[in-house]
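Next come the chains, spelled out residue by residue.
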Amino acid sequence: VQLQASGGGLVQAGGSLRLSCAASGRIFSTSDMGWFRQAPGKEREFVAGIAWSGRSTYYADNVKGRFTVSRDNAKNTVYLQMSALKPEDTAVYYCAALNRAKTRFIWDGSMYDFWGQGTQVTVSS
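Numbering of residues starts from 1 in each chain and follows the order in which that chain's sequence is written. Under the rules for a predicted model, residues below a pLDDT of 70 receive no local features and side-chain atom pairs below 80 are neither given nor counted, while totals for whole chains, interfaces and linings still include all residues. Heavy atoms from the whole structure form the basis of all side-chain values; hydrogens and water molecules are not counted.

Digging into the overall build of the protein
Counting from the N terminus, the helices are DSSP H or I runs at least four residues long and the strands are E runs at least two residues long. In terms of regular secondary structure, the protein is built from 0 helices and 11 strands. This radius of gyration counts C-alpha atoms alone. The globule rule is 2.2 Å times how many residues there are, raised to the power 0.38. Compactness check: the protein gives a C-alpha radius of gyration of 13 Å against a globular reference of 14 Å for 125 residues, within 12% of the reference. Its C-alpha atoms give the protein principal-axis dimensions of about 40 × 25 × 25 Å. Exposure classes here rest on a 1.4 Å probe applied to the protein chains alone. A residue is buried below 20% of its type maximum, exposed above 50%, and partly exposed in between. Expressed as a percentage of the 125 residues in the protein, the buried residues total 42%. Should any heavy atoms of two residues lie within 4.5 Å, those residues are counted as being in contact. Partitioning the intrachain contacts of the protein with sequence separation of at least 6 by distance along the chain shows that 56% fall at a separation of at least 24. Computed with a 1.4 Å probe, the accessible areas rest on the Shrake-Rupley method; for each residue, only the protein chains presented here act as cover. When the accessible surface of the protein is totalled, it reaches about 6,300 Å², and 47% of it is carbon and sulfur. When charges are counted, Lys and Arg are positive and Asp and Glu negative, with His and the chain ends excluded. Where a charge sits is defined by one atom per residue type, namely NZ (Lys), CZ (Arg), CG (Asp) or CD (Glu). With 14 positive and 9 negative side-chain charges, the protein shows a spacing of 7 Å between the two charge centroids.

What follows is the structure, encoded as structure tokens:
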């Protein structure tokens, strides 16, 4: 699976962005998907995840209620709608694919099988 993240940019605090992650390969529709981010000088952190079926979603506490993860298996694409953005959301955002047998590890980046290249999100105050 190859993953291509896009949609990042510069936005003012309180604004919105939608990230997309397009996947190639046949296993996308049977893979759980996650979004992670890494800010300068900080460790990578889990942001959101979605089960292969789309029926279950998972969020970090600091984005819950502001971010929404979704997927379109017909388009091999996963999305991250980000609203009410804050300067502390500034980071490089990565999408990643996880074998659905490992859903219990959806929070753990080390368990993921494939990663995209990242897209920069900058939120100005």
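After that view, the rundown keeps rolling.
As for unusual backbone geometry
Outside of glycine, negative phi angles account for most residues, and trans bonds account for most peptide bonds. In this structure, N76 is a non-glycine residue whose phi angle is positive, near 50°. Of note, N76 is situated in the loop between β7 (67–72) and β8 (77–82). Residue class for N76 comes out partly exposed when judged on its relative accessible area of 21%. Located in the positive-phi region is A84, a residue other than glycine, with phi close to 50°.

So, the sheet that holds β7
Any two strands are treated as partners once DSSP identifies two or more bridges connecting them. With antiparallel pairing, the 4 strands of this open sheet are ordered in space as β1-β3-β8-β7. Each edge of the sheet is formed by a strand with only one pairing partner; in this case those strands are β1 (2–6) and β7. Strand-to-strand twist across the sheet, computed as the mean angle between neighbouring axes with direction ignored, equals 15°. Here 6 bridges tie β7 to β8, and the two strands are oriented antiparallel to one another. Within the sheet, the bridge partner assigned to R71 lies in β8 and is V78. In this analysis, axes come from line fits to C-alpha atoms, helices being fitted only over the stretch in contact, and the angle between any two N-to-C directions falls in the range 0 to 180 degrees.

Focus on the pattern of salt bridges
We define a salt bridge as a side-chain nitrogen of Lys or Arg found within 4 Å of a carboxyl oxygen belonging to Asp or Glu. Enumeration over the complete set of coordinates arrives at 5 salt bridges. A salt bridge links E45 to R37; the shortest N-O distance between them is 2.5 Å. As a salt-bridge pair, R66 and D89 come within 2.8 Å of each other at their nearest N and O atoms. One end of the pair, R66, is in the loop between β6 (57–59) and β7; the other, D89, is in the loop between β8 and β9 (91–99), with 23 residues separating them in the sequence.

What about the state of the cysteines?
In this description, a disulfide is simply a cysteine sulfur pair whose atoms lie within 2.5 Å. All told, the structure shown has 1 disulfide when counted by the stated rule. The residue that forms a disulfide with C21 is C95, at a sulfur-sulfur distance of 2.0 Å. Between C21 and C95, the S-S torsion sits near 65°, and that sign places the bridge as right-handed. Taken together, the residues span a long stretch of sequence, with C21 in strand β3 (residues 17–24) and C95 in strand β9 at a distance of 74 residues.

Structural notes on the side chain of T119
When you line up the elements, T119 lands in strand β11 (residues 119–124). T119 gets classed as buried once you look at its relative accessible area, which sits at 11%. A distance of 3.1 Å separates a polar atom in the side chain of T119 from the backbone nitrogen of G8. The residues contacting T119, other than those within four sequence positions of it, are A5, S6, G7, G8, L19, A91, V92 and Y93. N or O atoms closer than or at 3.5 Å make up a polar contact, with two conditions inside protein: a donor-capable atom paired with an acceptor-capable one, and, for residues adjacent in sequence, both atoms drawn from side chains.

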